[in-house]
Amino acid sequence: MERGRLLEMATIFGAAAVLGVLAYVAAVGLYEIDNYGKAAEKTAFGAGEYTTVRVYAVQYRWVFDVNGTRTINEVKIKAGRLYRFEVTSVDVVHSFYIRELGYKYDAIPGQWYVMWVKIDRPGTYHILCAEFCGAGHYLMVGKIVVEP
Ligand SMILES: [Cu+2]
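Residues numbered from 1 in each chain as written. Predicted model: local features only at pLDDT ≥ 70, side-chain atom pairs only at ≥ 80, totals over all residues. Heavy atoms only, no water.

What to know about the pattern of salt bridges
Quick reminder of the rule: A pairing counts as a salt bridge when a side-chain nitrogen of Lys or Arg comes within 4 Å of a carboxyl oxygen of Asp or Glu. Segments assigned H or I by DSSP are reported as helices when at least four residues long, segments assigned E as strands when at least two residues long, and all are numbered from the N terminus. For every residue, the accessible area (1.4 Å probe, protein chains only) is compared with the maximum for its type, and the residue is labelled buried under 20%, exposed over 50%, or partly exposed between those bounds.
Tallied over the full model, the rule gives seven salt bridges. For Arg54, the salt bridge is made with Glu86, and the minimal N-O distance between the two is 3.0 Å. Here Glu86 lies in strand E5 (residues 82-89) and Arg54 lies in strand E1 (residues 51-58), a separation of 32 residues in the sequence. What makes Glu86 buried here is its relative accessible area of 10%.

Right, here's the structure in full:
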């Protein structure tokens, strides 16, 4: 094979190899993003017991559902226990922000985002909406009361 042809082939296969590596890295990354909730459930928190808290963002309040009991703008949890917050929205995009913890998850219609929460220190933790969601956005203030 002449030298020019060899160089051409090396360039083609070299570029294909680079693209192959990038595709592999992207595929693994996307798989991990899609399965992060499940992986976290299995590893970070072990097989421990937890309570599920469903969070519905509504213009302009937070509705919490713990085992079928609904409360508005306030939810009580126990210190040192593990909770699985499942966050969604019933209307527009909101963002569920626990100020003292710095946790912030978007609340998007049709999507459920899983947020693991374990608070060891009793007290009141403030919830704000961190996504402008309409004229009453400022009203979306709630709290998590952590009982000893
Ligand atoms: Cu909002």
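Examining the pairing of strand E3 (residues 69-72)
As a general feature of sheets, a regular strand has side chains that alternate between the two faces. Basically, it comes down to this: The criterion for strand pairing is that DSSP finds at least two bridges linking the strands in question.
Pairing geometry for strand E2 (residues 61-66) and E3, over four bridges, is antiparallel. When the bridges of E3 are listed, Phe64 appears paired with Thr71. Between the antiparallel neighbours E2 and E3 lie two residues, among them Asn67 with a positive phi of about 50°.

A closer look at the sheet that holds strand E10 (residues 141-147)
Keep this limit in mind: Note on method: axes are straight lines fitted to C-alpha atoms, helices fitted across the in-contact stretch only, with angles between N-to-C directions ranging 0 to 180 degrees.
Across the sheet, which stays open at both edges, the five strands sit in the order E4-E10-E9-E6-E7 with mixed pairing between neighbours. One side of each edge strand has no neighbouring strand; the edge strands of this open sheet are strand E4 (74-78) and strand E7 (103-107). Taking the axes of each pair of neighbouring strands and ignoring which way they run, one obtains an average angle of 20° across the sheet.

Overview of a nonpolar patch on the surface
Put simply, the test is: Each patch is built from residues lacking any salt bridge and having more than 30% relative accessible area; the joining distance is 9 Å for like charges and 5 Å for nonpolar side chains (Val, Leu, Ile, Met, Phe, Trp, Tyr). The Shrake-Rupley method, run with a 1.4 Å probe, gives the accessible areas here. Residue values count only the displayed protein chains as cover.
Side chains of Val21, Tyr24, Val25 and Val28 sit close together on the surface and give an oily, nonpolar patch of about 390 Å² of accessible area. Considering the arrangement of structural elements, one finds Tyr24 in helix H1 (residues 3-34). A relative accessible area of 58% places Tyr24 in the exposed class.

As for the sheet that holds E3
Read from one edge of the open sheet, five strands run E3-E2-E1-E5-E8, paired in mixed fashion. A single partner strand is all that each edge strand has here, and the edge strands are E3 and strand E8 (113-118). Along the sheet, successive strands turn relative to each other by an average axial angle of 25°, direction set aside. Bridging between E5 and E8 involves six bridges; their strand directions are antiparallel. Across the sheet, residue Arg84 finds its bridge partner in E8, namely Trp116.

Here's the deal with the packing of aromatic side chains
Just so we agree on the cut-off: Stacked, tilted and edge-to-face pairs are distinguished by plane angle, under 30 degrees for stacked and over 60 for edge-to-face with tilted covering the rest, among Phe, Tyr and Trp rings (Trp via its six-membered ring) whose centres lie within 6.5 Å. A ring has a charge above it when a Lys NZ or an Arg CZ is no more than 6 Å from the ring centre and no more than 35 degrees off the ring normal.
Counting across every chain of the model gives five aromatic pairs. A centroid spacing of 5.2 Å and a plane angle of 75° characterise the contact between Trp62 and Phe96, whose relative ring orientation is edge-to-face. Here Phe96 lies in strand E6 (residues 94-98) and Trp62 lies in strand E2, a separation of 34 residues in the sequence. Side by side, Trp62 and Phe96 carry an identical accessibility label, which is buried. Every member of this aromatic cluster is reached through a ring pair, and the members are Trp62, Phe64, Phe85 and Phe96. The lysine or arginine in question, Arg54, covers the ring of Trp112, its NZ or CZ lying 4.4 Å from the ring centre. Its end group placed over the ring of Tyr97, Lys104 keeps NZ or CZ at 5.5 Å from the ring centre.

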